[in-house]
Amino acid sequence: KQGYDIGTYAAHFCEVAVDAYTGETHIRRMLAVCDAGRILNPLSARSQVIGAMTMAAGSALMEELAVDTRFGFFANHDLASYEVPVHADIPHQEVVFLDTLDPVIAPLKAKGVGELGICGPGAAIANAIYNATGVRVREYPITLDKLIEGMPAV
C-alpha cells in the first residue's frame, strides 16, 4: 500500500528594524509562502494567514502573562496591560500560495490553511532580530529586558 503526505507547508520570512540605541524592535515586512493545495477562496485564505502572522508577532514580541505567585492571579488580566499587535504594527504583510493541487486528500484538491500562518513567524522574527543585533533570545516574548544586555555598545 502506498502512503501519501497530505500535510500543508509554509515558509515564513521577516524583516525587522532594531534601534541601535534603545533596542526597540519594529517589524517592517513579513512574507508567508504556503503550499495548501487548491485555494478555494483566495481572499479569505490570505486574510486567515495574515491574521495568524499578526498573532504570532504578538506572541514573539509582546504577549506575556504575568502571574503574581504570592496570590496566584494574573497581574495583566485585561487588554489595558496585556498588549496585542494590530495590523498597523506591521506595515507590509504578504502571502503567496503555491499553485499545487492535492488529488488524494479530497475531490476539490484543497487543504486547510488554519495553522499555516501561526507556526513559523515567531522563529522568523527571532532570527531576524538575531541577524540585526547578534543577540539570540531563546524565550518568548523577545522583550527589551532580554535583548538589551546583549546589544553591542554604540
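Remember, it's a predicted structure, so these values are computed and weren't measured experimentally.

A closer look at the sheet that holds strand β1 (residues 9-18)
- Reading across the sheet, the three strands line up as β1-β2-β5 and stay open at both edges, with mixed pairing between neighbours. Looking at the sheet topology across the chains shown, the edges are occupied by β1 and β5 (92-97). When the angles between neighbouring strand axes are averaged without regard to direction, this sheet yields 10°.
- Both β1 and strand β2 (residues 25-35) contribute to a ladder of 10 bridges, which runs antiparallel. Counted as the bridge partner of Val-16 is Ile-27 from β2.
- Sitting on the sheet, helix α2 (residues 121-133) is in contact with β1 and β2, with an inclination near 35° to β1.

Some thoughts on the nonpolar core
- Cys-14, Ile-27 and Ile-125 are the most contacted members of the largest nonpolar core, which has 29 residues in total.
- Listing elements by their share of this core, those giving two or more residues are β1, β2, α1 (42-61) and α2.
- Top element by residues in this core is α1. It accounts for seven residues.

About the cut-offs
Residues numbered from 1 in each chain as written. Predicted model: local features only at pLDDT ≥ 70, side-chain atom pairs only at ≥ 80, totals over all residues. Heavy atoms only, no water. Pairing = 2+ DSSP bridges. Helix = DSSP H or I, 4+ residues; strand = E, 2+ residues; numbered from the N terminus. Axes fitted to C-alpha atoms, helices over the stretch in contact; angles between N-to-C directions. Contact = heavy atoms within 4.5 Å. Core = buried A, V, L, I, M, F, W, Y, C linked by side-chain atoms within 4.5 Å. Buried < 20%, exposed > 50% of the residue type's maximum accessible area, 1.4 Å probe, protein only.

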